[in-house]
Amino acid sequence: MANTLNLPVGIENFEEIRQLGFYYIDKTRLIEQLLQGWGKVTLFTRPRRFGKTLNMSMLKSFFEIGTDKSLFDGLYISGNKELCDEYMGKYPVIFLSLKGVDGLDFTTARRMLCAILKNEFDRHYYLKTSDALTDEDRTLFIKMLQGSYDNIEDSIRMLSKLLFKHFGQKAVILIDEYDVPLDKAFQNGYYKEMVSLIRGLFGQALKTNEFLQFAVLTGCLRISKESIFTGLNNFKVMSITDSRFDEQFGFTDGDVRKLLSDYGMDSHFDEIKEWYDGYHFGRADVYCPWDVINHVDHLRDDSDAKPQTYWINSSGNSLVRRLINRADSSTKDEIERLIAGEAIEKVIRLDLTYDEIDNSIDNIWSVLFTTGYLTKIGEVKLPDSESYAYKLVIPNKEVREVFVLQIQEWFKAVVANENDTMKLLSRAILDKDEQQIARQLNIVMGRMISILDTKAPDDMKENFYHGLLLGLLRGSNPGWLIKSNRESGDGFSDILIKPEDPDAGIIIEVKYAKEIKGLDAACDAAMAQIKDKRYDEALRDEDRCDILAYGIAFCRKRCRVVGEKL
């Protein structure tokens, strides 16, 4: 019988999931691994939507004094009784998620950071009346509650000091999405101010804090140590290339098979693997949890539901836009190879600062890798060097859709708006200048990035070129009435055009040729189809008698044009 438990779509609070009985895929082995590989400060870098916040919430529930220990009943960690007895519910915890620190200017972002800090102070409201604190401590804490504590850089360290006085135990500090404030600052032009603030906040809390037991941070990018972690000793970074903890963020094959089995959806495994698997963390092959949970939830309502781009829709995908906007001919060729399912080789920098991203196209490739748009399938040793390049691929169908969508948007915004080219194309169509039509279309296709999968069926490729030509004509000729797949005569013409001249009409039939040498034959077939199916009838019914017909054949980035007056 299918599982009746609700799926935690958008729920990132471990306590809420466990108390309300939502379905939970057990990642509590993370606690055991964390304690066995002890580090004063540990940073996990993973792409967005891979369970970072839920895992941090789980750590909070495990370590915090006063926790409900029954939350972990039946989970992996409960089997390690010795570890649970020693660590569960034994520490004061400071838990901050910085994903909400945003703003168009530094003042707004700083105010949002202060609000997040204040919420954490409120969670420890009991300190206001603690007998273990001095009058001066309590006065200071009241200022923190009221938001009138001026030294924001020292606020986390100060809270850990007050917690130590109250409990007699050092604090565990958890900072989720630590790099979001830096990302937003970079996008909005106040990066230096935010770096200075975060450096001070983390330096006080993590480097010179005698009241710190240990700290865990999560984020998407591994910001270079020199930027905000200067002088921090015993600092471990667990990136997507590390084998340690590799199965604790994201779903494994086993996780997904069990989830589908529990909900009676085993038959959907292959499609979920094709769309949402393909990420490689360390030695583990993992799925994006956000996608899997959303799709299974969708399937519960509609067993015929098709996979959707859930991960794409949860972000602006600005990094892919950056890459495409800056792409030269070599980069366009690499993007085309990726979309066709091939691997490219790139030297990757795992530590960057946000203000370095746009310094080179190579840095953008590096960020695309660390944020999940590309994944590693191997390494290649560089000649005359001890360094390696990563073999990178697009992980799955969903991320391929990101690239395709952004390429289409770029094409509309850039290529289709090149007025000189479009004017020459339109004029050539009216003048029956087949060579000029072909020349301008070849120029356009040479500039664009092909998104045709080599394994796609021929009719799909033909549809692509049909859509490409239709978009060009509609975008550059507002005075033309352009119809697509319009019924006329004994069939449906690909493109039917009514120019401003009431006597004129244009018919275009598009064909795809598998090889360049087949372009002429494809053009002839298109012209024969126009005549055999009498596509000109709809135009003649409106008394348009000056009719031009074109057969246009495409093969990769080349085209051939045949025209005739009917």
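Data block above holds the structure.
These lines cover the structure that appears in this document, whether it is placed above or below. (Residues numbered from 1 in each chain as written. Predicted model: local features only at pLDDT ≥ 70, side-chain atom pairs only at ≥ 80, totals over all residues. Heavy atoms only, no water.)

Let's shift gears to the sheet that holds strand β9 (residues 344-346). Within a sheet, neighbouring strands are paired by backbone hydrogen bonds and run either parallel or antiparallel to one another. Taken together, the three strands give an open sheet; going across it, the order is β9-β12-β11, and neighbouring strands pair in antiparallel fashion. The sheet is open, and its two borders are formed by β9 and β11 (375-381), each paired with just one other strand. Averaged over all pairs of adjacent strands, the angle between their axes in this sheet comes to 35°, without regard to strand direction. Inspection of the sheet shows β11 paired to strand β12 (residues 388-393) by six bridges, in the antiparallel sense. Directly across from T375, in β12, lies its bridge partner V393. Sitting on the sheet, helix α15 (residues 329-339) is in contact with β9 and β12, with an inclination near 125° to β9. With respect to the sheet, helix α16 (residues 361-370) is in contact with β9, β11 and β12, its orientation differing from that of β9 by roughly 105°. (Pairing = 2+ DSSP bridges. Helix = DSSP H or I, 4+ residues; strand = E, 2+ residues; numbered from the N terminus. Axes fitted to C-alpha atoms, helices over the stretch in contact; angles between N-to-C directions. Contact = heavy atoms within 4.5 Å.)

On to the packing of helix α19 (residues 434-447) against helix α20 (residues 458-476), then. Packing of α19 against α20 brings their axes to within 12 Å, and their N-to-C directions diverge by 110°. When the axes of α19 and α20 are compared, the pair comes out roughly perpendicular. Between α19 and α20, the contacting residues are L441, V444 and M445 on the first element and Y465, L468, L469 and L472 on the second. (Parallel < 35°, antiparallel > 145°, perpendicular 65-115°, else oblique.)

A grouping of I65, Y126 and F167 is seen on the molecular surface, where their side chains present a nonpolar patch of about 220 Å² in accessible area. Along the chain, the position of I65 falls in the loop between α3 (52-63) and α4 (81-87). (Patch = residues over 30% accessible without salt bridge, like charges linked within 9 Å, V, L, I, M, F, W, Y side chains within 5 Å. Areas by Shrake-Rupley, 256 points an atom, 1.4 Å probe, with all protein chains shown as cover. Salt bridge = Lys/Arg side-chain N within 4 Å of Asp/Glu carboxyl O.)

Of all hydrophobic cores here, the largest spans 125 residues; its most connected members are F202, L217, I335, F403 and I508. Sort the elements by how many residues they give to this core and helix α9 (residues 191-207) lands first, with nine residues. Beyond its immediate stretch of four places on either side in the chain, F403 contacts V320, L323, I324, I335, I339, Y373, L374 and I394. Judged by nonpolar contacts, the second largest core, of 34 residues, contains I17, F72, L174 and M238. (Core = buried A, V, L, I, M, F, W, Y, C linked by side-chain atoms within 4.5 Å. Buried < 20%, exposed > 50% of the residue type's maximum accessible area, 1.4 Å probe, protein only.)

Below, the discussion takes up the packing of aromatic side chains. Counted according to the given criterion, the structure contains 27 aromatic pairs. Plain terms: the ring middles of F186 and Y191 are 6.3 Å apart, the flat faces sit at 80° to each other, and that makes the pair edge-to-face. When its relative accessible area of 19% is taken as the criterion, F186 is described as buried. Pairing F229 with F235 gives two aromatic rings, centres 4.6 Å apart and planes at 35°, and the pair type is tilted. By the burial criterion, F229 is buried, and F235 matches it. (Phe/Tyr/Trp six-rings, centres within 6.5 Å; stacked < 30°, edge-to-face > 60°.)

Taken together, the five strands give an open sheet; going across it, the order is β2-β3-β4-β1-β6, and neighbouring strands pair in parallel fashion. For this open sheet the edge positions go to β2 (93-97) and β6 (235-238), each flanked by a neighbour on one side alone. Neighbour-to-neighbour, the strand axes of the sheet open up by a mean angle of 10°, direction not taken into account. When strand β1 (residues 41-45) meets β6, the two strands line up parallel, connected through four bridges. By the bridge assignment, T42 is partnered in β6 with K236. Strands in contact with helix α7 (residues 155-167) are β2 and β3 (171-176); relative to β2, the strand with the most contacts, it is inclined by about 155°. Each of β1, β3 and β4 (212-219) touches α9; the most contacted strand, β4, lies at about 140° to it.

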